[in-house]
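A structural walkthrough
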Amino acid sequence: MSHIHLLGFPRIGAKRELKFLVEKFWKNEIDDAALQAGARELRQKHWLLQKGAGLDISPVGDFSLYDQVLDAQVLVGAIPRRFGFDAANLSSTQYFQLARGNAQQHALEMTKWFDSNYHYLVPEWHADTTFAANPAPLLAQIAEARALGVTAKPVLIGPLTLLWLGKCKGAAFDRLSLLPALLDSYRQLLAALPAAGVEWVQIDEPILSLDLPAAWLQAFSPTYTALATSPLKLLLATYFGDVSAHAALLKALPVAGLHLDLVRAPQQLAAFTQGWPQHKVLSAGLIDGRNIWRADLDAVLQQAETLQAQLGEQLWLAPSCSLLHTPFDLAQEIKLDVDLKSWLAFAVQKVNELKLVKRGLQQGRDSIGNELAASNFARDQRRSNPRIHRADVAQRLARLPAGSDQRASSYAVRAEAQASWLKLPLLPTTTIGSFPQTAEIRAARAAFKRGEIDAANYEAAMKAEIELVIRKQEALDIDVLVHGEAERNDMVEYFGEQLDGFAFTEYGWVQSYGSRCVKPPIIYGDVARPQPMTVSWTVYAQSLTSRPVKGMLTGPVTILQWSFVRNDLARSEVCRQIALAINDEVLDLENAGIKVIQIDEPAVREGLPLKRSDWDAYLAWAGEAFRLSCAKVDDSTQIHTHMCYSEFGDILPAIAALDADVITIETSRSDMELLRDFGSFHYPNEIGPGVYDIHSPRIPAEHELENLLRKALDVIPARRLWVNPDCGLKTRGWPEVEAALRAMVNVTKRLRQQLTTTA
Ligand code: GLN
Ligand code: ZN
């Protein structure tokens, strides 16, 4: 067998070095030379690590200072023209302005990378977008890899995937019409590679896992025929789903190899091995690139043996997808429970698993006898471990009465009960939950975690922060207040830490977007809530003010979606377990007098399966779980939910079926496009479309806010419209937050007055 390889490696570094590096650059603490040197050092470290683990060939171009889709736009010379930058001479400062916005331009829109928790920057296509290959940055990295004696396999986002991921701007046109011009730039890019010593190029076309329109599918053959003129060997990479519907097409493409995700879609293998073209490489993605569970080495080896018998030298082995989606190195986890640790594998361990499978294939099973025994032992332990299966949790779910996910009354009845005590003005203002997480807040949390300050001191620090946040909101004259979430490191981690069945790592970070990383909890066992998680902070906040304070929880679907989930129980069941735990918290908040409760579900949309045929089943269990988490409150208790980063148009009925009294959503980045959908769908309850983009440090002008609100008023009746930013404010600084919220409240008051005088 030939190669073991990776589709991509986590670029953030073992200890998030990349994050700290770029953030220093943003704060002007280091110059561009230092930024580039730091990035180079990380790349080198990662390549040497792969080389040391016996990888035959390493991805190059999977590293990015912010986002690989933005890098692809730079490579083909098609960055959004509204910035007026020259892609061929882009400075680092300009590069980051594309990603984060500047005083004149908002940032590129950001959206989910397929069904992962990674976010990419959306290309902007115009009917007359031009392309010009700009291979220099890629060539430089190839040279770096070669200097280390690493065989470089450049990784490119495929032309069809890149086009597909972009959004059309300006007059309506079909973005596929840009393909010929885009292909010219890809040809130029590829033409530059042989002289750099490149033999294999990986071209990622993950859109093959989606339901593609016929025209897009038909474009594959001419596209790859056009690219095949180069002397390079192309490895077409698919991942995240089943592409067997296109087996005939893919086998016939003039590429030298094809990668398949056999973890997500093991069933697709037969469609490819049958009549596999003899001279072509089949890269089998057998190690899970999306999760942290240790591979069942015996099972993987067995699969690899069967494949090798069929394919011989043409078999390559790899993780299912880029390891971007897994944490870096389990070896750093010195505090993790030993049993749990023995069940896990992070990127470095997955590379090692690959190496073992290769050795097992080449030198026989005995050559990895000890490792196989250890893997089998871990697998069997996990199956029988009593911490994983709890009778009380199973029984509670089994005995749930019918209707446990339904509110007692309809929205209309509830709205009245809520209005009678809330007495909010027209266009009530609120925020999404978090306020700036200052260095002091983070320091206090970290010190408490390390045991450097005691519980009383920590509590005092957090209470001081809550008071500050309440006073500031009062001064701004916001109507429904929040406590600010100072005590929360992360909206999922905070809850997971207090729930049974969850485990936490110290360094298990994965990139979410740009320099933002998340450390997903590991759901390894049955979930239950031993005690209240948020009640005391919220009650304290409420004690400081006569305005309503909104309790703030993370919903079951989001907790599931943003965790590494056990792979021995259906996701829908894990989600129901979490829903009941959140339900316990909701009822405790209500009992404590907190009668506006927001249950954040930003991840509902991204949890959608990639193929439409799987949507209904998912939406049914996800919706049920959300409702289970809050249905049993009183009519007069107002349930909010919040969602972000997504296009909701296609799932509005399911969002309405959540039956939240109020939903706040991110809309500002896509210029309120979403509202069109909400207008035509007639969303039945209250809605707060975000009026400004919190992902950018830019302070919105009052006239912009007013424009957006007027657009919203066109489609949503004033009495059901809320005014709020489009997401939590924790990543922002106080001066910009206060300025932006002041503008938001000013505009709201003006509009309110106009509405009441014209009414
Ligand atoms: N309540 C959370 C916050 O404000 C919501 C964050 C989110 O939607 N991602 O930070
Ligand atoms: Zn949000």
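Let me sum up the structure you'll find in this document. Given the structure is predicted, the values throughout are model-derived calculations rather than measurements. (Residues numbered from 1 in each chain as written. Chains lettered and ligands numbered in written order. Predicted model: local features only at pLDDT ≥ 70, side-chain atom pairs only at ≥ 80, totals over all residues. Heavy atoms only, no water.)

Here's the deal with the overall build of the chain
To be explicit about the condition: Where helices and strands are cited, they refer to DSSP runs of H or I of at least four residues and of E of at least two residues respectively, numbered from the N terminus. Two things to know: the radius of gyration comes from C-alpha atoms, and the globule rule equals 2.2 Å times the number of residues to the power 0.38. Each residue gets one of three labels from its accessible area relative to the maximum for its type: buried under 20%, exposed over 50%, partly exposed in between, using a 1.4 Å probe on protein chains only. The criterion used for residue contact is that any of the two residues' heavy atoms lie within 4.5 Å.
Helices and strands together make up the secondary structure of the chain, namely 27 helices and 21 strands. Against the compact-globule benchmark of 27 Å for 759 residues, the chain has a radius of gyration of 26 Å, which places it among compact chains. Seen through its C-alpha atoms, the chain measures out along the principal axes to roughly 75 × 60 × 50 Å. Evaluated residue by residue, the chain yields a buried proportion of 61% over its 759 residues. Of all intrachain contacts in the chain linking residues separated by at least 6 positions in sequence, the fraction that spans at least 24 positions is 78%.

With respect to the site of ligand 1
We apply this condition: We call a residue near a molecule or strand whenever a single non-hydrogen atom of that residue lies within 4 Å of it. Nitrogen and oxygen atoms within 3.5 Å of one another constitute a polar contact, given that in protein one can donate a hydrogen and the other can accept it, and given that sequence-neighbouring residues count only through two side-chain atoms. The method behind every accessible area is Shrake-Rupley, applied with a 1.4 Å probe, and residues are considered shielded solely by the protein chains displayed. Under the scheme applied, nonpolar residues are Ala, Val, Leu, Ile, Met, Phe, Trp, Tyr, Cys and Pro; charged residues are Asp, Glu, Lys and Arg; polar residues are all the others, including Gly.
The immediate surroundings of ligand 1 are formed by Ile432, Gly433, Ser434, Glu485, Met491, Met552, Asp600, Pro602, His642, Cys644, Cys727 and Gly728. Side-chain polar atom of serine 434 to an oxygen atom of ligand 1: 2.7 Å apart, as the coordinates give it. Contact with the protein chains hides 94% of the accessible area of ligand 1, taken as 300 Å² for the molecule alone. Classifying every residue of the shell around ligand 1 by side-chain character gives six nonpolar, four polar and two charged.

Details of the environment of glutamine 141
Counting through the fold element by element, glutamine 141 comes out in helix H5 (residues 136-147). Expressed as a C-alpha distance, the spacing of glutamine 141 and arginine 43, which sit 98 residues apart in the sequence, is 8.6 Å. Those residues in contact with glutamine 141 that sit more than four places away from it in its chain are Arg43, Trp47, Val60, Gly61 and Phe63.

Observations concerning the side chain of threonine 505
Here threonine 505 is to be found in the loop between strand S12 (500-503) and strand S13 (510-513). The exposure class assigned to threonine 505 is buried, which follows from its relative accessible area of 6%. From its side chain, threonine 505 meets the backbone nitrogen of glycine 508 in a polar contact 3.0 Å long. With residues up to four places along the chain from it excluded, the contact list for threonine 505 reads Glu333, Leu336, Phe346, Lys519 and Ile522.

A closer look at the coordination of the zinc ion (ligand 2)
Angles at a metal have ideal values that depend on geometry: 109.5 degrees with four tetrahedral donors, 90 or 180 degrees with six octahedral donors. Short version of the rule: Think of the donor list as every N, O and S atom within 2.8 Å of the metal, or within 3.2 Å for Na, K and Ca; water never makes the list, so a site can look incomplete. Irregular is the default label, applied whenever a site is not tetrahedral (four donors, all angles between 85 and 135 degrees) and neither square planar nor octahedral (four or six donors, opposite donors over 155 degrees apart, all other angles between 65 and 115).
The protein atoms that coordinate the zinc ion (ligand 2) are His642 (NE2), Cys644 (SG) and Cys727 (SG), at distances of 2.1 to 2.4 Å. The site at the zinc ion (ligand 2) holds four donor atoms, and with the angles between them running 86 to 125°, its shape is tetrahedral. In terms of primary sequence, the donors binding the zinc ion (ligand 2) are separated according to H-x1-C-x82-C. Of this pair, histidine 642 sits in strand S19 (residues 638-643) while cysteine 727 sits in the loop between helix H26 (702-715) and helix H27 (734-758), placing them 85 residues apart in sequence. When its relative accessible area of 2% is taken as the criterion, histidine 642 is described as buried. Residue classification places cysteine 727 among the buried positions, given a relative accessible area of 12%.

A few points about the packing of H26 against H27
Just so we agree on the cut-off: As a rule, the C-alpha atoms of each element are fitted with a line to give its axis, helices using only the stretch in contact, and angles between N-to-C directions run from 0 to 180 degrees. The scheme is simple: roughly parallel for angles under 35 degrees, roughly antiparallel for over 145, roughly perpendicular for 65 to 115, oblique for anything else. Handedness of each helix crossing follows the sense of rotation of the near helix against the far helix: counterclockwise by less than a right angle gives left-handed, clockwise gives right-handed.
One way to put it is that H26 packs onto H27 with a least axis distance of 9 Å and a crossing angle of 45°. By the angle between their axes, H26 is oblique relative to H27. Regarding H26 and H27, the two cross each other, and that crossing is right-handed. When H26 is examined against H27, the residues Glu702, Leu705, Glu706, Leu709, Arg710 and Leu713 are found in contact with a partner set consisting of Ala743, Met744, Asn746, Val747, Thr748, Arg750, Leu751, Gln754 and Leu755. Grouping the constituent residues of the contact of H26 with H27 by class yields eight nonpolar, three polar and four charged.

What to know about the packing of aromatic side chains
Geometrically, a pair of aromatic rings is defined through the distance of the ring centres and the angle of the planes. Put simply, the test is: When two rings of Phe, Tyr or Trp (its six-membered ring) have centres within 6.5 Å they constitute a pair, described as stacked for plane angles under 30 degrees, edge-to-face for angles over 60, and tilted for the intermediate range.
Under the counting rule described, the total for this entry stands at 20 aromatic pairs. For the ring pair tryptophan 26 and phenylalanine 96, a centre distance of 5.4 Å and an interplane angle of 80° mean the geometry is edge-to-face. One end of the pair, tryptophan 26, is in helix H1 (residues 17-26); the other, phenylalanine 96, is in helix H4 (residues 92-100), with 70 residues separating them in the sequence. Classification of tryptophan 26 by relative accessible area gives partly exposed; the value is 21%. Under the relative-accessibility criterion, phenylalanine 96 is labelled buried at 3%. When the ring of tyrosine 458 is compared with that of tryptophan 537, the centres are 6.3 Å apart and the planes differ by 85°; the resulting orientation is edge-to-face.

A look at unusual backbone geometry
Non-glycine residue aspartate 659 carries a positive phi angle of around 65°. The residue aspartate 659 is located in the loop between helix H24 (652-657) and strand S20 (662-665) in this model. Looking at aspartate 659, the relative accessible area reads 24%, which means it is partly exposed. Positive phi values are uncommon outside glycine, yet histidine 682 reaches one of about 60°. Mapped onto the fold, histidine 682 is located in the loop between helix H25 (673-681) and strand S21 (686-689).

Comments concerning the sheet that holds strand S5 (residues 152-157)
Filter applied, for reference: For two strands to be treated as a pair, DSSP must find no fewer than two bridges joining them.
Read from one edge of the open sheet, seven strands run S1-S5-S7-S8-S9-S10-S11, paired in parallel fashion. Looking at strand neighbours, the two that pair on one side only are strand S1 (58-60) and strand S11 (315-319), the edges of this open sheet. Pairs of neighbouring strands in the sheet enclose a mean axial angle of 30°, with direction left out of account. Pairing of strand S7 (residues 200-204) with strand S8 (residues 233-237) involves five bridges; the strand directions are parallel. Bridge pairing links valine 201 to leucine 234 in S8. Running over the sheet, helix H11 (residues 297-311) touches strand S10 (281-287) and S11 and is turned about 175° from S10.

Considering the sheet that holds strand S17 (residues 564-565)
The three strands are arranged S12-S15-S17 in an open sheet whose pairing can be described as mixed. Only two strands of the sheet have a single partner each, and these edge strands are S12 and S17. Sheet topology places strand S15 (residues 522-528) next to S17; two bridges connect them, and they run parallel. Looking at the pairing, isoleucine 522 lines up with phenylalanine 564 of S17. Helix-sheet contacts for helix H22 (residues 571-591) involve S12, S15 and S17, and the interaxial angle to S15 is about 55°.

Notes on the pairing of S11
Side chains on a regular strand alternate between the two faces of the sheet. Defined as follows: Orient the strands so they point away from the viewer; a crossover is then right-handed if the path from the first strand over the helix to the second runs clockwise.
The buried fraction of S11 is high, at five of five residues. Handedness of the crossover is the feature at issue here: the chain leaves S10, passes through H11, returns alongside S11, and the resulting connection is right-handed.

Here's the deal with H26
Basically, it comes down to this: Each residue after the first adds 1.5 Å to the expected span of a helix. This arc describes the spread of directions from the helix axis toward the C-beta atoms.
Between its first and last C-alpha, H26 extends 21 Å over 14 residues, near the 20 Å set by a 1.5 Å rise per residue. Those residues of H26 lying buried are Leu705, Glu706, Leu708, Leu709 and Ala712. Here the buried residues of H26 occupy an arc of 165° about the axis, which is enough to place them on one side. Exposed positions of H26 whose direction lies more than 90 degrees from the buried face are His703 and Asp714.

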